[in-house]
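Listed below, chain by chain, are the residues.
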Amino acid sequence: MTRRLKPSRVVNIADLRQIAQRRVPKAVFDYLDGGAEAEVTLRENCRAFEAITFRPRHAIAVGECDLRTRVLGTEISFPAMLAPVGYSRLMHPGGEIAAARAAGEAGTGYTLSTISGHKMEDVKAGTKGFAWYQLYLVGGREVAEGAIERARKAGFSALVITIDTPVAGMRERDPRNGMSELMTGSVFAKLPFLPELCTHPGWLTSFLLDGGVPKLENVVVPGQGGMPMTDVGTALRRSVVTWEDIRWIRKSWTGPIVIKGILTGDDARRAVDEGAAAISVSNHGGRQLDGVAASIRALPEVVAAVNGRVEVLMDGGVRRGSDIVKAICLGARAVLIGRAYAYGLAAAGQAGVTRALEILREDVERTLRLLGCASVGQLDASYLQCP
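In this text, all values refer to a predicted model and were calculated from it rather than measured experimentally. (Residues numbered from 1 in each chain as written. Predicted model: local features only at pLDDT ≥ 70, side-chain atom pairs only at ≥ 80, totals over all residues. Heavy atoms only, no water.)

## Structural notes on helix 19 (residues 350–371)
Working step 1: Taking 1.5 Å per residue as the helical rise, helix 19 with its 22 residues ought to reach 32 Å, and the 32 Å between its terminal C-alpha atoms agrees with that figure.
Working step 2: Positive backbone phi, approximately 75 degrees, marks Gly 372, located one or two places after helix 19. (Helix = DSSP H or I, 4+ residues; strand = E, 2+ residues; numbered from the N terminus. Expected span 1.5 Å × (residues − 1).)

## Side note on the packing of aromatic side chains
Working step 1: Evaluation of the coordinates by the stated rule reveals five aromatic pairs.
Working step 2: Judged by centre distance (6.3 Å) and plane angle (25 degrees), the rings of Phe 29 and Tyr 343 are stacked. In this pair, Phe 29 is assigned in helix 2 (residues 26–33) and Tyr 343 in helix 18 (residues 339–348), connecting sequence segments 314 residues apart.
Working step 3: Residue classification places Tyr 343 among the buried residues on the basis of a relative accessible area of 3%. (Phe/Tyr/Trp six-rings, centres within 6.5 Å; stacked < 30°, edge-to-face > 60°. Buried < 20%, exposed > 50% of the residue type's maximum accessible area, 1.4 Å probe, protein only.)

## Quick word on the nonpolar core
Working step 1: In terms of nonpolar packing, the biggest core is built from 118 residues, with Leu 135, Ile 279, Ile 296 and Met 314 touching the most fellow members.
Working step 2: Aside from chain neighbours lying at most four places away, what touches Leu 135 is Thr 114, Ala 144, Ala 147, Ile 148, Leu 159, Val 160, Ile 161, Thr 162 and Ile 249.
Working step 3: One finds Trp 132, Val 160, Ala 278 and Leu 313 within the second-largest nonpolar core, a separate group that totals 13 residues. (Core = buried A, V, L, I, M, F, W, Y, C linked by side-chain atoms within 4.5 Å. Contact = heavy atoms within 4.5 Å.)

## A few points about the environment of Arg 297
Working step 1: Positionally, Arg 297 belongs in helix 16 (residues 295–306).
Working step 2: For the pair Arg 297 and Gly 95, spaced 202 residues apart in the sequence, the C-alpha separation amounts to 31 Å.
Working step 3: Apart from residues no more than four positions distant in its own chain, Arg 297 is found in contact with Glu 44, Ala 48, Ala 51 and Pro 387.

## Describing the pairing of strand 12 (residues 311–315)
Working step 1: Counted residue by residue, strand 12 has five buried out of five residues, so it is predominantly covered.
Working step 2: Burial along strand 12 is two-sided: the face carrying Glu 311, Leu 313 and Asp 315 and the face carrying Val 312 and Met 314 are both buried.
Working step 3: Bridging between strand 11 (residues 278–281) and strand 12 involves four bridges; their strand directions are parallel. Counterpart to Ile 279 in the pairing with strand 12 is Val 312. (Pairing = 2+ DSSP bridges.)

## Some details on the environment of Leu 357
Working step 1: Along the chain, Leu 357 turns up in helix 19.
Working step 2: Sequence separation between Leu 357 and Ile 279 is 78 residues, and the spatial gap between their C-alpha atoms is 23 Å.
Working step 3: Not counting the four nearest positions on each side in its chain, Leu 357 is found in contact with Phe 78, Leu 82, Ala 102, Ala 103, Ala 106 and Ile 337.

## Looking at the pattern of salt bridges
Working step 1: Inspection of every chain in the model, using the stated rule, returns 23 salt bridges.
Working step 2: Here Glu 39 makes a salt bridge to Arg 173, at a shortest N to O gap of 2.9 Å. Here Arg 173 lies in helix 8 (residues 173–177) and Glu 39 lies in the loop between helix 2 and helix 3 (40–51), a separation of 134 residues in the sequence.
Working step 3: On the basis of relative accessible area, Arg 173 is assigned to the partly exposed category, the value being 22%.
Working step 4: Overlapping salt bridges bring together Arg 17, Lys 26, Asp 30, Asp 33, Glu 39 and Arg 173 as one network. (Salt bridge = Lys/Arg side-chain N within 4 Å of Asp/Glu carboxyl O.)

The quantities given are spatial measurements derived from coordinates; they are silent on function.
As structure tokens, then:
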């Protein structure tokens, strides 16, 4: 591990965030760090965890702590997996491959976004763990069916369908930073934003040596190859996922399907009826519709609605291992972490992701010991006081 990522220097996820902010240009950092519109939901995702307090059992000797759980039949070392994060290759050339490798070495799983710069075959080959593929219908049904077949052949074990992106949310930091101009504009359109890029020579050098803005290697349009990464916003508007789409996807993909973007009991029950093996309670990290409930606040309603028929995951606002423990107490099987590991990726590539996972795992174990609980499987709502 590099010197700057030693435990004495990087104690928590916020430390990785600070390193990432220094290393990458403002446009890239704000894409990762920002949310939709006034960022109310982005902030609430974290505040809602802070409002939940613990009810520990003291004077209990906890010997060996068992952090393991099973997700869709596969054991993971602690109850956290890596969520899909788009544009990862802009954060670091290793991108999705580096993140997947770190996840595998930590004994957990990785979810590859459709909006990715590395080929799914290379990502799966790069990890010794399991991987899921997150599918957008970018490019239309024919393109999606091709990606589903590639994912099957590459060995991805589950398909994640994100249902909360009929359009991309209005992430106000991006236009202010010239994200569109830097990705697609002419040289003249880029000029106002180039000086800021030049203040990050390490990132700029690695970005240029990596070939600049990559194509979407997993959105292959027949006769054209990989879709330009810059066409994503337009493509999303043309590729709304409906419950009817879930049915033909179910026929194309014989493995388990995870429906991501559930915030209500009604949608949770509909997902179960449509054949989901698991659902993820998610508001897209506060990046889509601003003003919706924090994921952790929506979790109990969804858990009650499915009533044990499928596994429930959640994502949004997880920055500490204690957040993971709170989600498990409220009925989640595991959490999907996004920004928490992406800060590490932007800070130092694979080593940064590894450090993020180490921090969270150590946090979870310490929290269980302080609660007087010997295993993740024993956690329940009695350990919490919820507002």
